[in-house]
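# Observations on the model geometry
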Amino acid sequence: MSYLRPQITAMTGYVPGEQPRDQKLIKLNTNENPFPCSPGVQAAIGDACQQGLQKYPDPTALAFRVRAAELLREELPEIDADWILCGNGSDDILTILTRAFVAAGDVVRFANPSYVLYRTLAAIQGAECDVVNFQADWSLGPGFSRRQERLRLTYLANPNSPSGTVIPPAEVAALAIALPCPLVVDEAYADFAETNCLALVAQDEKVVVSRTLSKSYALAGLRFGFLVAQPQIVRELAKVKDSYNCDALSIAGATAALEDRQWFEQTRSILLATRARLYEQLQQLGFQCVPSQANFIWCQHPEHESEGLYQALKQQGILVRYMNYPDWDDGLRITVGTDEQIDAFLAVLAGLL
Ligand SMILES: *Cc1c(COP(=O)(O)O)cnc(C)c1O
């Protein structure tokens, strides 16, 4: 097909984690929340349906932004609705940011191993990637803050996937100052972490924080994410998004999700307790694990191939994520499921060792 831009034919395209429809599978491969979302979400979506869908949705999802600003004001006192831009999942947010800041021939920077979508977004723009490997202890080396000709955007997943590790906010602040370009702090998992970088947004207009309702609010199927940046940045980014990038049902559902603090706190504390238990048990089975501040754990076994374990688990109805990154050891990323799911996983795993 010769009509396409050469960058498109040359790229492979992002491959999301498997989404098998087999309901019996225990699915610990894409960091979904194992709990059903707050009942308030379904009620709000039902109400929105009742009102009919013949009208276009609010193009800026104001109701959500007002509620989110109230909630985040505790950590970022300056925030208001005009500091927030909503998206069709945070992948849409990352797309908007990349389209706004990066042209063909520009350079984007991200760490390895990390979220693989950054490379895809760069490829669509025809940009080059400056991929900086993490240090062995999952800290960022000096290469990550280096100034570079045509460097236009840096992405940092924090907590990182697949490691679940966090770069402390003070280090991220220093990084933003050192970089000659905006820094996207992708906080898809921040609700499971002890710290986050929200406060940095007020200190430095180069810092953009991205969040999602897919993980901590159990709404991966709804598709709702947002970014927090200074208003003069949000205004420009709004020009790049699709006019109606969030639909009426997702705006209603996402806004209702924020309301139910009890659901959020309860499910979060269960998942953190299960994460601690999973970590302990994996170690007892001889795995090398990285302490995680997200809803998954990255691990390897010194005597068993990760890919073989992945296959054997799958045969017994348990799906985890096998990851094989360039210049890095491969491994397994295990999503924190319910206690029952994790018990079943551990029982099968123990039988394979
Ligand atoms: C899951 C994930 C996202 C995207 O989530 P959406 O479902 O598109 O909101 C973004 N970044 C990282 C690192 C993720 O793991």
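Residues numbered from 1 in each chain as written. Predicted model: local features only at pLDDT ≥ 70, side-chain atom pairs only at ≥ 80, totals over all residues. Heavy atoms only, no water.

### Focus: the site of the ligand
Near the ligand you find Gly-89, Ser-90, Asp-91, Tyr-115, Asp-186, Ala-188, Tyr-189, Thr-212, Ser-214, Lys-215 and Arg-223, and these make up its full shell. Ser-214 has a polar side-chain atom sitting 2.6 Å from an oxygen atom of the ligand. Lys-215 places a polar side-chain atom, nitrogen or oxygen, 3.1 Å from an oxygen atom of the ligand. Within the complex, the protein chains bury 93% of what would otherwise be the 380 Å² of accessible surface of the ligand. (Near = heavy atom within 4 Å. Polar contact = N/O pair within 3.5 Å; in protein donor to acceptor, adjacent residues only side chain to side chain. Areas by Shrake-Rupley, 256 points an atom, 1.4 Å probe, with all protein chains shown as cover.)

### Considerations on the pairing of strand E3 (residues 107–112)
Across the 6 residues that make up E3, a large majority, 6, are buried. A crossover links E3 with its parallel partner strand E4 (residues 128–133), the connecting element being helix H5 (residues 117–125), and its sense is right-handed. Of the strand pairs in this sheet, E3 and strand E5 (residues 151–157) are connected by 3 bridges, and their pairing is parallel. Each residue of the ladder has a partner; that of Arg-109, found in E5, is Thr-154. (Buried < 20%, exposed > 50% of the residue type's maximum accessible area, 1.4 Å probe, protein only. Helix = DSSP H or I, 4+ residues; strand = E, 2+ residues; numbered from the N terminus. Right-handed = clockwise from strand over helix to strand, strands pointing away. Pairing = 2+ DSSP bridges.)

### Overview of the domain arrangement of the protein
Domain annotation for the protein reports domain 1 (6–36 + 262–352) and domain 2 (39–259). A C-alpha centroid distance of 23 Å is found between domain 1 and domain 2. In this assembly, 30 residues from domain 1 lie in contact with 35 residues from domain 2. Roughly 2,700 Å² of surface becomes buried between domain 1 and domain 2 when both sides are summed, with 64% attributable to carbon and sulfur atoms. Among the residues domain 1 hides against domain 2, the three largest losses belong to Tyr-14, Gln-293 and Trp-328. Together they make up 28% of the total. Summed over the shared surface of domain 1 and domain 2, the result is 0 salt bridges. Among the elements that take part in the side of domain 1 that touches domain 2, helix H10 (residues 261–284) stands out by supplying 6 residues, more than any other. (Domains from an automatic or database assignment. Contact = heavy atoms within 4.5 Å. Buried area = accessible area lost by both parts, 1.4 Å probe. Salt bridge = Lys/Arg side-chain N within 4 Å of Asp/Glu carboxyl O.)

### Re the pattern of salt bridges
Pairing between side chains of opposite charge can happen when the charged atoms of each approach one another. Overall, the coordinates contain 14 salt bridges when judged by the stated rule. Here Arg-67 and Glu-259 are joined by a salt bridge, their closest N and O atoms 2.9 Å apart. With Arg-67 in helix H3 (residues 62–72) and Glu-259 in helix H9 (residues 248–259), the pair connects residues that are 192 residues apart, well separated along the chain. The closest approach of N and O atoms between Asp-343 and Arg-277, which form a salt bridge, is 2.9 Å.

### Details of H5
Taken as a whole, H5 has its buried residues at Leu-117, Tyr-118, Thr-120, Leu-121, Ala-122 and Gln-125. Those residues of H5 hidden inside the fold are in contact with helix H4 (90–101), E3, E4, E5 and strand E6 (183–186). Downstream of H5 by one or two residues, Gly-126 has phi in the positive range, about 75 degrees.

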